[in-house]
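Coordinates in review
In case you want the letters, here they are:
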Amino acid sequence: MHLKQEKVVVKNLFKIFGPKGRQALPMLENGLSKEEIYQKTGLTVGVQDASFTVYEGEIFVIMGLSGSGKSTLVRMLNRLITPTAGSVIVEGKDIAKMPHDELVQFRLHNMSMVFQSFALMPHLTVLENTAFGLKLAGIPEDQRNIRAKEALDQVGLSGWEDASPSQLSGGMQQRVGLARALAVDPEIMLMDEAFSALDPLIRAEMQDELLELQQRHQRTIIFISHDLDEALRIGDRIAIMQDGVVVQVGSADEILRAPANDYVKSFFKSVDPTSILTTRDIVLNNHPTLIVTHGRNISAAQAYLSNSDRDYCYLLTPDKKLLGVVSTESLRDVAELESDSSTLADAYLPDVKTIDPDDVLTDIQPVVASSPCPVPVVNKDGRFMGVVSKSRFLRILHKPEQILNSVEEEIHV
């Protein structure tokens, strides 16, 4: 089994703003709230005891309401803000304790940042803005221009190298900011509300651009957002922050299944579960199946189906590959022919579609709605995993928590 490679490990990270911030640490350990600490000391708790791991090649979204500490947290990852306590481990090195010269080189070569404000220098051309980080890293001009042009090409801005930032739209300016980060070819990209200043349509285009780039290069991306739709669209996993605390980390469906508290639940209350959950989440394997051997005949299948008190049976090979689906009616119709040459295959229902366990529920809805029988779920190896019925699907629309947590027997309607 392939294990995920840890890329960024955050351990017990704190940021307390104000002189002698460390004096608030024992107060936090004793259970005082950030409001109580501020009243007693004038110190502001920005981030409290944050711990999480980001894996290589994933898009890890940190989200929360304004003032939740997410931007403070991401700036501690490259030490634009110095942590009060804790560690940020990247490939065995603690950024929180890294000497200044080494930190500068680390930022120049290993970790880039894209800000909400485009942060372009108006007196430089698009190419010069894109190559700026490479210039700081001491890369010769001809080499940095080549890399900058390649980065601009990646974000669809070839031909704009000589333009000034004032000639670009907001979306184009943000593409330059993204290209500047890409030109360094970083292992890790930090993106702080990078698309939130853009119009909704341009924001969606930039999200698509980021996902396309990620498909090609598989960088490790830590993305700050306050927009749940954005987090769901681009994030492999999501960390939710509340009052400086990371209250939950998980995939969207993991958080939807078991929100850590009412604050997290409030984020997800408007989410359509069918846009997140997959077939695997609602598949049931308690419908009748029959392994087809030479000894199986139509009457035996009829008796088996009658005893199971179900209308449909799923016929499988000994290694669980789906052969077809029969019903009480299709078996009866073939049996009434009274032909010695009739086989179980003659009773298979025509045009039964299958669905994949990783299909999102919104994608399988038309198949489930139009199928005469509960839809068989078949994995990429062709193995039968169970079925999804109309009644099962309808219940997920109305009571997702009940469906996700239940192991009740499915009643075929």
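Residues numbered from 1 in each chain as written. Predicted model: local features only at pLDDT ≥ 70, side-chain atom pairs only at ≥ 80, totals over all residues. Heavy atoms only, no water.

In the nomenclature of an unreviewed UniProt entry, the chain corresponds to Glycine betaine/L-proline ABC transporter ATP-binding protein ProV from the organism Halodesulfovibrio aestuarii. The Sequence similarities (unreviewed entry) field of the UniProt record for the chain holds the comment "Belongs to the ABC transporter superfamily." (UniProt positions renumbered as here; feature names shortened; annotations may be inferred.)

Things to note about the sheet that holds strand β5 (residues 93–94)
Strand order in the open sheet made by the four strands is β2-β1-β4-β5, with antiparallel pairing throughout. What marks the edges here is a single partner per strand, and that holds for β2 (44–55) and β5. Sheet topology note: the strand β4 (residues 85–90)/β5 ladder contains two bridges and is antiparallel. For Ile 89, the partnering residue across the bridge sits in β5 and is Asp 94. (Pairing = 2+ DSSP bridges. Helix = DSSP H or I, 4+ residues; strand = E, 2+ residues; numbered from the N terminus.)

Description of unusual backbone geometry
Backbone phi values are negative for most residues with the exception of glycine, while trans is the configuration of most peptide bonds. Even without a glycine there, the phi angle at Asn 12 is positive, about 45°. Within the secondary structure, Asn 12 sits in strand β1 (residues 6–17). Phi at Asp 243 takes a positive value of approximately 50°, unusual for a residue other than glycine. Relative to the helices and strands, Asp 243 is located in the loop between β9 (237–242) and β10 (245–250). Asp 243 gets classed as partly exposed once you look at its relative accessible area, which sits at 41%. (Buried < 20%, exposed > 50% of the residue type's maximum accessible area, 1.4 Å probe, protein only.)

Observations regarding the pattern of salt bridges
Enumeration according to the criterion identifies 14 salt bridges in this entry. A salt bridge links Asp 319 to Lys 321; the shortest N-O distance between them is 3.9 Å. Judged by its relative accessible area of 38%, Asp 319 falls in the partly exposed class. Here the residues in one salt-bridge network are Lys 7, Glu 91 and Glu 187, joined through shared partners. (Salt bridge = Lys/Arg side-chain N within 4 Å of Asp/Glu carboxyl O.)

What about the packing of helix α14 (residues 298–308) against helix α15 (residues 328–337)?
Remark: α14 packs on α15, axes separated minimally by 10 Å, with the N-to-C direction vectors making an angle of 150°. With respect to α15, the element α14 is oriented roughly antiparallel. Like other packed secondary-structure pairs, α14 and α15 cross with a definite hand, here left-handed. Across the interface between the two elements, Ile 298, Ala 301, Gln 302 and Leu 305 from α14 touch Thr 328, Leu 331, Arg 332, Val 334 and Ala 335 from α15. (Axes fitted to C-alpha atoms, helices over the stretch in contact; angles between N-to-C directions. Parallel < 35°, antiparallel > 145°, perpendicular 65-115°, else oblique. Left-handed = near helix turned anticlockwise from the far one by under 90°. Contact = heavy atoms within 4.5 Å.)

Observations concerning the sheet that holds strand β13 (residues 322–327)
Spatially, β11-β12-β13 is the arrangement adopted by the three strands of the open sheet, whose pairing is mixed. Across the chains shown, the open sheet's two edge strands, defined by having one partner strand only, are β11 (289–291) and β13. Geometrically, the sheet is characterised by an average inter-axis angle of 25° between neighbouring strands, direction not taken into account. As defined by bridge partners, strand β12 (residues 312–316) adjoins β13 across five bridges and the pair is classed as antiparallel. Of the residues in β13, the one forming a bridge with Cys 313 is Val 326.

Looking at the layout of surface pockets
In this structure, the largest pocket encloses a volume near 480 Å³. In terms of lining, the largest pocket is formed by 18 residues, of which the most central are Arg 107, Met 111, Ser 112, Met 113 and Phe 115. When grouped by side-chain class, the residues that make up the lining of the largest pocket number twelve nonpolar, four polar and two charged. (1 Å grid on protein atoms, 1.4 Å probe; cavity = no way out; pocket = protein on both sides within 12 Å on 5 of 7 lines; lining within 4 Å. Points joined across faces, edges and corners; volume = space filled by probe spheres on them. Nonpolar A, V, L, I, M, F, W, Y, C, P; charged D, E, K, R; others polar.)

Comments concerning the state of the cysteines
Using the criterion set out here, one finds zero disulfides in the structure. Here Cys 313 is not disulfide-linked; the sulfur of Cys 373 is the nearest cysteine sulfur, at 11 Å. (Disulfide = S-S within 2.5 Å.)

Looking at empty space enclosed by the protein
Enumeration over the complete set of coordinates arrives at two cavities of 30 Å³ or more. Volume-wise, the largest cavity comes out at about 40 Å³. Taken together, Leu 182, Met 189, Leu 210, Leu 213, Gln 214, Arg 219 and Ile 221 form the lining of the largest cavity. No other element matches the three residues that helix α9 (residues 200–217) contributes to the lining of the largest cavity.

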